[in-house]
Amino acid sequence: MIMKNIKFVLLMLAVILSHGCFKDLDTVPLDPTEITSGVVYNDPSTYKKVLAKLYAGLALSGQQGPAGAADIEGIDEGFGQYLRGFWYHAELTTDEAVIGWADQTIGDFHGQNWTSLDGFTYAFYSRVFYQISVCNEFIRETTDAKLDERNVSGTLRDEIRRYRAEARFLRALSYWHALDIFRNVPFVTEADAVGSFFPKQTNANDLFAYIESELKAIDADLAAPRSNEYARADKAAAWALLAKLYLNAQVYIGQNRYNDCLEVCERIINAGYVLDPVYQHVFLADNHRATEVIFPIAFDGINTPSFGGTTFIINAAIGGSMNASSLGMAGGWGGTRATRQLVEKFPQDLTGIIVEFNAGATSTYPKAYVPGSYQGFMGGDSKNSISSKGKNQIFEGYRYFPENNTEFVVLRNPSSTLGGKLGSNNQDGTLQTGGANIVAAQSGLYYIKADLRSGSLGYELDRRTAVISGSATGGSEINFTWNNELDYGRIVASDELSEGSFLITIRGNNTTIVLGDNGMDGLLEVNGAPIQVSKSGGYKITLDLKQEDYNYKMELTSFDRRGFFYTNGQKLDIDTLSVFTNGYGVQKFKNITRDGIAGSNATHPDTDFPMFRLADIYLMAAEAIFRNSGDISKAVDYVNIVRQRAYTGTAGNINASQLTLDFLIDERARELYWECHRRTDLIRFGKFSNTNYLWQWKGGVRDGRSTEQFRDIFPIPSVDIGLNPNLDQNPGY
């Protein structure tokens, strides 16, 4: 099975080895002692094992991992790993990421001054075509004629037909990367004869048509959406790749294919995928549980270790004062950070706090204490104190009792031994030293008043409720509730509020108290001014009743929660690229689960990489509609679906007038940063090269400069140009 937490079976098949030279992409072993394909495929179990190797080619770089027995000779297995190379080209070249290392020419990516001699580009190019070559071999060995020769029939033959379609998908994926990054590349398929030859060079139009035709041809043989084993391609994965091809057709071949893009995106939208309710879950060690991932590259810290993939993405982003263990890692490599331009696409206040608690003069009031069974009779402390605002030995306050028949006592002093406790022998409102515990029969919020004046010992116990209501609630009442994460003196109301105002009402037996805030300063006054809500969205109002001075905290829960930036000790501006503390850290990907458990390996994470996911599909569909002047209301709906998850409510919703190309490119950055979409997006929006859109260190200067348009395409590595007389270099190189 090809699944999360199951080791990929890696076969050293001589027929699919490549040696870093692409004049002989499809060669057979010359040593007669080596295993041949005819021998290998006589074993029925081999087909799935080789398919596993094809998938593993996106995650691993050799036969044993994290290094040793490399797939491609002469290329470092760390930076030569497929996803790491892709990330270099897709992210380091953009406004989303910089790297502070001085390794070889790595700084040329962000500086946009690479050449055809670049070793990192050659490594990724080699990996792309190695992947294509192994897919070609598997496809060549699974034709009907080959299966007939081996007498393969029945269920196994049906399974192999699906395996073959998946191999064609993986080959199309790599050819798309070749088209997007290099454009005019050597082209070989299973139809080419096995042997040493110089591949012909294709062009954008022909390669586009080939990828499109392949993805359409395999549709019938792929598994239905969401029905295949985890991390294996299904119809939706092929549709997502096809949508990417169509969305960028104007760039690749000068054709408007936005309607085709929309049609394919809506197939996926209607296929049953749903956004994970929590954005962060998509990037954690158990993100195989995320409901929106269409096609991932799977990683496992024990079984698929690599110095590329998410090992690189997470480790390279850890440095400065970061606590690596909080990310599930043992340490960090101190390399990658975000640019100012990415950070500024997010709201600067990432807390959502509008009004903070304000205890007023509470600390100056004399205290009594009401410890009880609700907190283990642990004596008096600030969490169970009540106050005498009049400093007259009459103490008042509230406590929430989560269980029926909660018992408590009254203390004059915070004694841990409950010495001098006051109770009530008859439960009648009178207090006696050493008396029986007072009992609150029903769980809930209680007002407690203790009269400790000499000669008049007594208490009042009143169960009360609290609500908010007003124009911001549409006139309805929203109840305050308690949960075990709250202080026993605090209750919370959470809901969607509209622009307007509200008041807080506390009700008890024969008591109604209406509270407002005259200064919007966190202190509540009886019959005070309505509390203002200036922006619609999700809110959390926490009411602190444990002291005489009522106060509250108001938080907008609907703010953009996608900006996982680490700022402690980090500068926003990158004055020196080599200094890790220049630039905010990014903690989007983590090696911990949604339950807070660290991954299986503190060096190599379990975190999978979401190559295609539903949120991207929604944004692609919206862009396709907008660019083709389609149903703008539908485009707005698609965008708002994504933003409602980000804002945990409707506060981030946009309207038709706000939907522009500038908004869309920025929204794609907010949703998809560090996921290998940015270079392609910037090119499609005309913001990558030959533009006044700048970011720090673009073009190799601190404040950025416009770069040449030929940088939209990377060069064919000079090594391959020198070896293959059929290849012409891309313009500008």
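Predicted model only: the values in this text are computed from it and were never measured.

Asks: I'd like a description of the overall build of the protein, backed by residues and values.
Replies: When helices and strands are counted, the protein shows 18 helices and 26 strands. With the C-alpha coordinates aligned to their principal axes, the bounding extent of the protein is approximately 105 × 55 × 45 Å. When burial is assessed residue by residue, the protein has 59% of its 733 residues classed as buried. The contacts of the protein with a sequence gap of at least 6 include a subset with a gap of at least 24, amounting to 68%. Split by element, the accessible area of the protein, about 26800 Å² in all, is 48% carbon and sulfur. For the protein, the distance from the average site of its 68 positive side-chain charges to the average site of its 85 negative ones is 2 Å.

Asks: So, the packing of helix α2 (residues 46-56) against helix α5 (residues 119-140): which residues are in play, and what are the values?
Replies: Any two packed helices are characterised by the angle at which their axes cross and by the distance between the axes. Where α2 meets α5, the closest approach of the two axes is 10 Å, and the angle between their N-to-C directions is 165°. Between α2 and α5, the crossing angle belongs to the class labelled roughly antiparallel. In this structure, α2 crosses over α5, and the sense of that crossing is left-handed. Residues Tyr-47, Val-50, Leu-51, Lys-53 and Leu-54 of α2 lie in contact with α5, whose contacting residues are Tyr-130, Gln-131, Val-134, Cys-135 and Phe-138. Split into classes, the residues belonging to the contact of α2 with α5 amount to eight nonpolar, one polar and one charged.

Asks: Residues and numbers for the environment of Thr-417, please.
Replies: Tracing the backbone through its elements, the reader meets Thr-417 in the loop between β10 (406-408) and β11 (422-423). Spatially, the C-alpha atom of Thr-417 lies 82 Å from that of Tyr-733, the residues being 316 residues apart in sequence. Looking at Thr-417, its side chain comes within polar contact range of the side chain of Ser-415, at 2.9 Å.

Asks: Let's hear about the pairing of strand β14 (residues 444-451): which residues, and what values?
Replies: Within β14, seven of the eight residues are buried, which leaves the element mostly enclosed by the surrounding structure. Pairing between strand β9 (residues 394-401) and β14: eight bridges, direction antiparallel. Within β14, the position partnered with Ile-394 by the bridge is Asp-451. Across seven bridges, the pairing between β14 and strand β15 (residues 458-469) is antiparallel. Residue pairing across strands places Ile-448 opposite Leu-461, the latter belonging to β15. Hairpin connection, β14 to β15: the antiparallel pair is bridged by six residues, and Gly-455 has positive phi, about 90°.

Asks: Kindly report on the nonpolar core, identifying the contributing residues and their values.
Replies: Counting 158 residues, the largest nonpolar core has Phe-169, Ile-211, Phe-295, Phe-612 and Trp-674 as its most contacted members. In terms of nonpolar packing, the next biggest core, distinct from the first, is built from 35 residues, Val-355, Phe-480, Leu-497 and Ala-651 among them.

Asks: Provide a residue-level description of the pattern of salt bridges, including the pertinent values.
Replies: Taken as a whole and assessed by the stated rule, the structure comprises 59 salt bridges. Of the charged contacts, one joins Arg-289 and Asp-286 as a salt bridge, the two residues approaching to 2.8 Å between their closest N and O atoms. Note on Arg-289: relative accessible area 40%, which makes it partly exposed. Between Asp-703 and Arg-702 there is a salt bridge, and its shortest N-O distance comes to 2.7 Å. On the basis of relative accessible area, Arg-702 is assigned to the partly exposed category, the value being 28%.

Asks: Give a description of the sheet that holds strand β6 (residues 353-355) that names residues and reports values.
Replies: Pairing is antiparallel across the open sheet formed by four strands, whose spatial order is β6-β23-β22-β17. Looking at which strands have only one partner, the edges of the open sheet turn out to be β6 and β17 (490-497). Taking each pair of neighbouring strands and ignoring which way they run, the sheet shows an average axis angle of 25°. Bridge count between β6 and strand β23 (residues 551-556): two bridges; the pairing is antiparallel. Pairing of Ile-353 across the sheet is with Glu-555, part of β23.

Asks: How would you sum up the packing of aromatic side chains? Please name residues and give values.
Replies: The tally for this structure, following the rule as stated, stands at 42 aromatic pairs. Taken together, the ring pairs in this structure connect Phe-79, Trp-87, Tyr-88, Trp-101, Phe-109, Trp-114, Phe-120, Phe-312, Trp-333, Trp-674 and Phe-714 into an aromatic cluster. Over the ring of Tyr-673 we find Lys-588, and its NZ or CZ is 4.1 Å from the ring centre. Against the face of Tyr-693 rests Lys-687, its NZ or CZ located 5.4 Å from the ring centre.

Asks: Report on the side chain of His-604, specifying residues and quantitative values.
Replies: Note on placement: His-604 falls in the loop between β25 (585-586) and β26 (609-613). Once residues lying within four places of it in the same chain are set aside, the contact partners of His-604 are Pro-66, Gly-301, Pro-305, Ser-306, Phe-307 and Thr-311.

Asks: Before we move on, can you summarise α2 with the specific residues and values?
Replies: Counting buried residues along α2, nine of its eleven residues qualify, which places the element largely inside the surrounding structure. Every buried residue of α2 is listed here: Thr-46, Tyr-47, Val-50, Leu-51, Ala-52, Lys-53, Leu-54, Tyr-55 and Ala-56.

Cut-offs applied
- Residues numbered from 1 in each chain as written.
- Predicted model: local features only at pLDDT ≥ 70, side-chain atom pairs only at ≥ 80, totals over all residues.
- Heavy atoms only, no water.
- Helix = DSSP H or I, 4+ residues; strand = E, 2+ residues; numbered from the N terminus.
- Buried < 20%, exposed > 50% of the residue type's maximum accessible area, 1.4 Å probe, protein only.
- Contact = heavy atoms within 4.5 Å.
- Areas by Shrake-Rupley, 256 points an atom, 1.4 Å probe, with all protein chains shown as cover.
- Lys, Arg positive; Asp, Glu negative; His and termini not counted.
- Charge placed at Lys NZ, Arg CZ, Asp CG, Glu CD.
- Axes fitted to C-alpha atoms, helices over the stretch in contact; angles between N-to-C directions.
- Parallel < 35°, antiparallel > 145°, perpendicular 65-115°, else oblique.
- Left-handed = near helix turned anticlockwise from the far one by under 90°.
- Nonpolar A, V, L, I, M, F, W, Y, C, P; charged D, E, K, R; others polar.
- Polar contact = N/O pair within 3.5 Å; in protein donor to acceptor, adjacent residues only side chain to side chain.
- Pairing = 2+ DSSP bridges.
- Core = buried A, V, L, I, M, F, W, Y, C linked by side-chain atoms within 4.5 Å.
- Salt bridge = Lys/Arg side-chain N within 4 Å of Asp/Glu carboxyl O.
- Phe/Tyr/Trp six-rings, centres within 6.5 Å; stacked < 30°, edge-to-face > 60°.
- Lys NZ or Arg CZ within 6 Å of the ring centre and 35° of its normal.

Read these as spatial facts, not as claims about activity.
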